[in-house]
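# Results of the structural survey
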Amino acid sequence: MITVTINGKQIKLEKPVTILDAARMTGIKIPTLCNHKSLEPYGGCRLCLVEIEKMPRLQASCTQYVTDGMVVWTETERVVEARKSVLEFLLINHALDCPYCDKAGECDLQDLVMKYGPTTGRFAEGKRKHPESYDDPIIVRNMERCISCTRCVRMCSKVQGASAISMVNRTNKTFVEPFSGGRYDCEYCGNCINVCPVGAIMSRLHKHTYRPWFVEKSVDTVCSFCGVGCSVTAQIRGNSIMRIIPEKEKGLNKGLLCSRGRFGYDYIGSPKRLKAPMIRKNGTLQETSWSEAFMYVAQKLNEIKEKNGSGSIAGIASARCTNEDNYVFQKFMRLGLGSNNIDSVAGFAFAPAQRFFGNIFGQGVTANSIQGISKSDGVFVIGGDPSAINPVLGLQIRAASQKRVPVVTVGYAPRLKKFASNRLTPRPFTDTVLLAALVSEMIKRKPLPAEKTPFEEIIGKVRPVSLKEAADACGITSNDISSCVDKLSVMTNPAIVIGRDIIQRADCRTNLLLLAALTHLLNGRIYLSSELPNEQGLVDMGCLPDMLPGGRPVSVESFRKRYGEFFNAEVPSAAGLSLMEMIEGAKSGSIKALYVMGENIAFNLPNHAFVKDALSNLELLVVQDIFLTETAQFADVVLPAASWAEKEGSYTNLEGRMQHVRKAIDGSGLEDWKIIAEISKLLGTDMGFRDVKDVLAEIAKVSPLHKGITYDDMAGGECMWPYKGEPLRHDLNIAGIEMPDMKALLGTSGKDAVYAGLDKVLFHSASLSRNSAALNSINSEPCAKVGKGLAEKLSLADGDHVAVTSAAGTVELAAVVDSDMPDNIVLVPNNFEGKGAFMVMGWKMDPVTKSPALDGMEVTIKKIARPTAEVAE
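Quick caveat: nothing in here was measured; it's all calculated off a predicted structure.

## Some details on the packing of helix H9 (residues 350–361) against helix H16 (residues 508–522)
- Between H9 and H16, the shortest axis-to-axis distance is 10 Å and the interhelical angle comes to 45 degrees. One element, H9, and the other, H16, form an angle in the oblique class. You can see that H9 and H16 cross each other, and the crossing is right-handed. Facing Pro-352, Ala-353, Phe-356, Phe-357, Ile-360 and Phe-361 of H9, the residues of H16 in contact are Arg-509, Leu-512, Leu-513, Leu-515, Ala-516, Thr-519 and His-520.
- When the residues that make up the contact of H9 with H16 are grouped by side-chain class, the tally is 10 nonpolar, 2 polar and 1 charged.

And the structure:
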């Protein structure tokens, strides 16, 4: 026990901390400009000087650790004079433009000068001049205000890991500059803006439009973009969001955000937002009243149900909608319409992977804390770049790397390039062979016990794949694979981060089985990347064709009976159709009506042409969304919904953390659950919900996972899976799981063809983010990424335009050459209207998971002339 006295107050500590931290624990405020809770102590500004008895000189409290018996004084005359002197030096060159500066009212330097002075300056030299930089669309730099605290540089290099900015020059000519020159070449996380104590680095989006005293209220909520679920605070004036900021101590992100979370919220105020319901009349969508739209939908659904049966109706839920929205939607489909034909994009990868691992290891195996990644003794990444898909999760991997923890990446992960101790980039779609080789080698290093569990019996049947066989198949050296095995073999509890790209494959189950084997051999913890904010919530709420709320299978009669008794209605016993089966059903004519809530399936599903033909074949297409998406343009009825910021509810992130989404502003649309409930009432099923609390209360009664849960339980972000309920008791379910013949896979890698792949863009999220002016200012056009070898073969350079063509279609866009990519694949994003990857990518249905496999789509690439409009510009 350490005893220290600060300003006469005795403090007892169990371990040494800095004087600054000890003072904060007791509410004693010591001023500082260079210190920040997200950063390591720096000791640069010298404002935190304190007087320590028996020490002749003042000491920096941010770097000086306490010792037993230490006596500290923080506001003596000597200390105050020292702080005045430091401030006087800082003001020699700092511009005195507080009324004009956007930082006014929340400027640390302004506050300290008000408290300590100096009232006048004794230095007569003129202030340095440096023009304000508007070279960047997002960040404004005013280096006349910079105090060289280096917070921004340390945040960028040590925490964000981007290393995009640096201090340049010496003495009074020192200022912050991006390595790229005028415009930033960075990840646009905005965390440098967040930590700047003065107005040197500011958001251009808020230039001369924001002051702290303009804020009428602040609403704590959850980010609406990816599955990490970062805590954010929306600052409101009138009925608009002025700014989104993170709070230092709140949520798992601890004051950090990505570009989408910090700047992308402006889609809420887009003029393209839907404002009134629409019904198709005489071939065109025309605005109508809510009552007419509700009556039309209810009447048409009832007619189709009576004529063709409940099985002819299907519904698609959304990972952008809240748990409450999705719960009401599945209840509407099952009880109001009598159909289990309900699914979502969570069924493409997240849900089947989670179920597969759950069958082997037990429910909740993927419910692991994101912050635990940086505390692991190793990280294994496969299936996509988490730093682009889930950026704040990616920061945890970078943090682990900076602690010298080995990070192994398999596949194209450019944003982890300098953080990976081992990078394996196999030829496209040969990951299965590589995984088999890793498992084979790990069995040699960590032999299975003599008495094996049933799953270990399966692992033992892996056909050994030698390093040479894997090297020949994957196009990487045996030494690289061996070095990777060396790193993996010393890990005792690594984080296994798995993305969609390894799951949406023809050999999906083989990949999952090998990953499960690797997880077992390494004693790892599984993290499933999630591209949308509420994929876990979709699973929990029963928005799957064969699952009820709480993760209970539809096929089990006792579960159906329990739900049926609660609702006084019969729950259909047969599993419904998966999302892609619905599309095929619409194409064939077996699905007559499709209700789409919050999902743009005409753009976000592979093979645009096929999907659009299928939608055109429906008798009724109802689309509930906030924009007139590609899907809504095919609709018979369009219902304007409330956006994430305009409704109350909850999201469940990829860890299984349930968080409260709070309403920040009013919108022109209605909450999704309320729309569904109104239509249900007209169909004869009155759900009786008055507000969203009633919905959660019913979830708490119906779902065994959510027993008695309330919004108060979500406060503080500690409501983790299994929430307050009961998961299913785990019985190993490995029926039908067997190791395939690796010999067949070894002979499939030599084909000389070019394939299409899906590029995950850091600055965009599906088709929603294209409505954000801020994100479009960072990245407004898609590009086709090609490897160096393929570029040389086709005589391509950065900026050349290409046509990428497959059996599904053609997309034209600019090319970018990336030397880290394999040579026989072209990566295209699926975010921008008219230029999506799914225009040229088809799918094959996995017979077990019912998810679309996206691999093996051959394309041709042809260099073309630049579009006339671009040449004119």
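Picking up after the structure, the text goes on.
## A few points about the sheet that holds strand S18 (residues 407–410)
- If you walk across this open sheet you meet the 5 strands as S19-S18-S17-S20-S21, and the pairing is parallel. Of all strands in the sheet, those bounded by a partner on one side alone are strand S19 (422–424) and strand S21 (525–528). The sheet shows a mean angle of 15 degrees between the axes of neighbouring strands, direction not considered.
- Its contacts with the sheet place helix H15 (residues 478–489) against strand S17 (379–382), S18 and S19, and it is angled at close to 130 degrees to S19.

## Brief notes about helix H12 (residues 431–445)
- The end-to-end C-alpha separation of H12 is 21 Å, in line with the 21 Å expected for 15 residues at 1.5 Å each.
- The buried count for H12 comes to 12 of 15 residues, which makes it a mostly enclosed element.
- When we look at burial in H12, the residues that qualify are Asp-431, Thr-432, Val-433, Leu-434, Leu-435, Ala-436, Ala-437, Leu-438, Val-439, Ser-440, Glu-441 and Met-442.

## Digging into the packing of aromatic side chains
- Overall, the coordinates contain 13 aromatic pairs when judged by the stated rule.
- Considering the side-chain rings of Phe-356 and Phe-357, the 6.2 Å spacing of their centres and the 90 degrees angle between planes classify their relative orientation as edge-to-face. Residue Phe-356 shares its accessibility class with Phe-357, and that shared class is buried.
- Arranged with centres 5.9 Å apart and planes meeting at 80 degrees, the rings of Phe-361 and Phe-455 form a pair that is edge-to-face. Of the two residues, Phe-361 sits in helix H9 while Phe-455 sits in helix H13 (residues 454–460), which places them 94 residues apart along the sequence.
- Residue classification places Phe-361 among the partly exposed positions, given a relative accessible area of 27%.
- Assessed through its relative accessible area of 4%, Phe-455 is described here as buried.
- In this structure an aromatic cluster arises from ring pairing among Phe-329, Phe-332 and Tyr-595.
- Above the face of the Tyr-210 ring, Arg-243 is positioned so that its terminal group lies 3.9 Å from the ring centre.

## Digging into H15
- With 12 residues, H15 extends 16 Å from end C-alpha to end C-alpha; this agrees with the ideal 16 Å at 1.5 Å per step.
- Tucked inside the fold, the buried residues of H15 contact S17, S18, S19, H12, helix H14 (467–474) and H16.

## Details of the environment of Trp-213
- Counting through the fold element by element, Trp-213 comes out in the loop between strand S9 (201–203) and strand S10 (217–222).
- Counting along the chain gives 109 residues from Trp-213 to Ala-104, while the straight-line C-alpha distance between them is 9.7 Å.
- Residue contacts for Trp-213: discarding those within four places in its chain leaves Ala-104 and Gly-105.

## A look at unusual backbone geometry
- Of note, the bond from Trp-721 into Pro-722 is cis; its omega dihedral lies within 30 degrees of zero at 5 degrees.
- Structurally, Pro-722 is set in the loop between helix H23 (692–702) and helix H24 (742–746).
- The residue His-208 is not glycine, and still its phi comes out positive at about 60 degrees.
- Examined against the element boundaries, His-208 turns out to sit in the loop between S9 and S10.

## Topic: the pairing of strand S8 (residues 175–178)
- Note that strand S7 (residues 165–168) and S8 share 4 bridges and pair antiparallel. When the sheet's bridge partners are listed, Ile-165 is paired in S8 with Pro-178.
- What sits between S7 and S8 in their antiparallel hairpin is a turn of 6 residues, with Asn-169 showing a positive phi close to 70 degrees.

## What about the pairing of strand S12 (residues 240–245)?
- Among the 6 residues of S12, 5 are classified as buried, and the element is accordingly described as predominantly covered.
- By the bridge criterion, 5 bridges tie strand S11 (residues 231–237) to S12 in an arrangement that is antiparallel. By the bridge assignment, Gln-235 is partnered in S12 with Arg-243.
- Between S11 and the antiparallel strand that follows it, S12, lie 2 residues; Gly-238 among them carries a positive phi value of about 65 degrees.

## Side note on empty space enclosed by the protein
- In the structure shown here, the tally under the stated rule is 7 cavities of 30 Å³ or more.
- If you add up the space inside the largest cavity, you get close to 90 Å³.
- Contributing to the lining of the largest cavity are 14 residues, with Cys-156, Gln-160, Cys-186, Cys-189 and Cys-192 lying nearest its centre.
- Those elements giving two or more residues to the lining of the largest cavity turn out to be helix H4 (151–159) and helix H5 (191–195).
- Ranked by the residues each element gives to the lining of the largest cavity, the list is headed by H4, at 3 residues.
- Considered class by class, the residues forming the lining of the largest cavity number 11 nonpolar, 3 polar and no charged.
- Approximately 80 Å³ is the volume attributed to the second largest cavity.
- Contributing to the lining of the second largest cavity are 14 residues, with Cys-146, Cys-149, Cys-152, Cys-196 and Ala-200 lying nearest its centre.
- Grouping the amino acids of the lining of the second largest cavity by side-chain chemistry returns 12 nonpolar, 2 polar and no charged.

## What to know about the sheet that holds strand S1 (residues 2–6)
- If you trace the 5 strands from one edge of the open sheet to the other, you get S2-S1-S5-S3-S4, paired in mixed fashion. Taken across any chain shown, the strands that pair with only one partner, and hence form the sheet edges, are strand S2 (9–13) and strand S4 (59–60).
- Pairing analysis gives 5 bridges linking S1 to S2, with the strands arranged antiparallel. Following the sheet pairing, Thr-5 is matched in S2 by Gln-10.
- Its contacts with the sheet put helix H2 (residues 77–90) on strand S3 (49–52) and strand S5 (71–73), and the angle it makes with S3 is roughly 160 degrees.

## Let's talk about the nonpolar core
- Counting residues in hydrophobic clusters, the biggest one holds 140 residues, and the most contacted among them are Ile-201, Phe-357, Phe-380 and Ile-498.
- Ranked by the residues each element gives to this core, the list is headed by H16, at 10 residues.
- Dropping the residues within four chain positions of it, Phe-357 is found in contact with Gly-362, Val-365, Ile-498, Leu-512, Leu-515, Ala-516, Ile-526 and Leu-528.
- In this structure, Met-278, Met-582, Val-622 and Leu-696 belong to the second largest nonpolar core, which totals 106 residues.

Basis of the calculations
Residues numbered from 1 in each chain as written. Predicted model: local features only at pLDDT ≥ 70, side-chain atom pairs only at ≥ 80, totals over all residues. Heavy atoms only, no water. Axes fitted to C-alpha atoms, helices over the stretch in contact; angles between N-to-C directions. Helix = DSSP H or I, 4+ residues; strand = E, 2+ residues; numbered from the N terminus. Parallel < 35°, antiparallel > 145°, perpendicular 65-115°, else oblique. Left-handed = near helix turned anticlockwise from the far one by under 90°. Contact = heavy atoms within 4.5 Å. Nonpolar A, V, L, I, M, F, W, Y, C, P; charged D, E, K, R; others polar. Pairing = 2+ DSSP bridges. Expected span 1.5 Å × (residues − 1). Buried < 20%, exposed > 50% of the residue type's maximum accessible area, 1.4 Å probe, protein only. Phe/Tyr/Trp six-rings, centres within 6.5 Å; stacked < 30°, edge-to-face > 60°. Lys NZ or Arg CZ within 6 Å of the ring centre and 35° of its normal. 1 Å grid on protein atoms, 1.4 Å probe; cavity = no way out; pocket = protein on both sides within 12 Å on 5 of 7 lines; lining within 4 Å. Points joined across faces, edges and corners; volume = space filled by probe spheres on them. Core = buried A, V, L, I, M, F, W, Y, C linked by side-chain atoms within 4.5 Å.

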